[in-house]
Amino acid sequence: MNKEDIYNLLDSKNISYEVINHKKVFTMEELESIDLPYKEYDAKNLFVRDDKKKHYYLITIKGNKKIDLKSFKEKYNTKRLSFASNDDLLNILGLTTGSVTPFGLLNDKERKVVFYIDENLSDKIGVHPNDNSATVFLKVSDLINLLKDNNITVKTFNV
């Protein structure tokens with residue numbers, strides 16, 4: 001799904017959202033240079049895999065937080081985690097570097113990826129619409145329900 005597909009899906013589900021178009025950004029630091037209206041709702045998305053490349057995870061946290069993958073591994077009983085390759089990102093989520101987003105999970109036809117979302121993201125969230133030239137702000141609950149309605153495993157966690 002491209003960003004227009006995402007907007008059409010949100011419209012078809014009557015999900016309220018706001019789009020801010022901006023220059024392409026590839027890091028949280030670059031995103032901070034953009035004048036976004038709700039910086040407190042920015043999210044950071046990490047696409048990771050276990051050491052055997054059998055399990056993939058998308059971990060979404062508040063944009064200003066850091067995550068210790070070793071602690072995450074121990075707390076959530078995974079194997080050792082590292083960042084997935086650009087090829088895995090493209091082949092599984094249909095995304096390129098800088099565009100990682102929970103909306104990419106809609107492209108995961110085999111439902112290989114388990115989604116973990118920071119429970120501190122409780123109101124709104126700002127994520128890319130499968131394209132890093134825009135940010136979509138919507139309710140976290142609407143995002144979670146949309147993903148669950150598409151048979152995507154969603155788990156909440158606390159960093």
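**Brief notes about helix α1 (residues 3–12)**
Thought 1: Along α1, the positions that sit buried rather than exposed are K3, I6, Y7, L9 and L10. Buried residues of α1 fall within an arc of 160 degrees about the axis and therefore sit on the same side.
Thought 2: Elements that come into contact with the buried residues of α1 comprise β1 (17–21), β7 (134–139) and α5 (140–149).
Thought 3: Where α1 begins, the side chain of N2 points an oxygen toward the backbone nitrogen of E4, at a separation of 3.0 Å.
Thought 4: Count one or two residues on from α1 and you reach N14, which has phi positive near 55 degrees.

**Some points on the side chain of D118**
Thought 1: In this structure, D118 sits in strand β5 (residues 113–118).
Thought 2: Side-chain polar atoms of D118 contact the backbone nitrogen of N120, separated by 2.8 Å.

**Concerning the sheet that holds β1**
Thought 1: Pairing in this open sheet of three strands is antiparallel, and the strands run β1-β7-β6 from one edge to the other. Here the strands that pair on one side only, and so sit at the sheet edges, are β1 and β6 (124–127). Shown here is a sheet whose adjacent strand axes are inclined to one another by a mean of 20 degrees, direction ignored.
Thought 2: Where β6 lies against β7, four bridges are found, and the strand directions are antiparallel. Residue V127 lies in a different strand from β7, and its bridge partner there is V136.

**Here we look at the environment of R49**
Thought 1: Take R49: it is sitting in strand β2 (residues 43–50).
Thought 2: By relative accessible area, R49 is classed as buried at 16%.
Thought 3: In this structure the C-alpha to C-alpha distance between R49 and L81, which are 32 residues apart in sequence, comes to 5.5 Å.
Thought 4: Beyond its immediate chain neighbours, meaning those up to four positions away, R49 contacts H55, Y56, R80, L81, S82, F83, A84 and D88.

Cut-off values and rules
Residues numbered from 1 in each chain as written. Predicted model: local features only at pLDDT ≥ 70, side-chain atom pairs only at ≥ 80, totals over all residues. Heavy atoms only, no water. Buried < 20%, exposed > 50% of the residue type's maximum accessible area, 1.4 Å probe, protein only. Helix = DSSP H or I, 4+ residues; strand = E, 2+ residues; numbered from the N terminus. Arc of directions from axis to C-beta. Contact = heavy atoms within 4.5 Å. Polar contact = N/O pair within 3.5 Å; in protein donor to acceptor, adjacent residues only side chain to side chain. Pairing = 2+ DSSP bridges. Axes fitted to C-alpha atoms, helices over the stretch in contact; angles between N-to-C directions.

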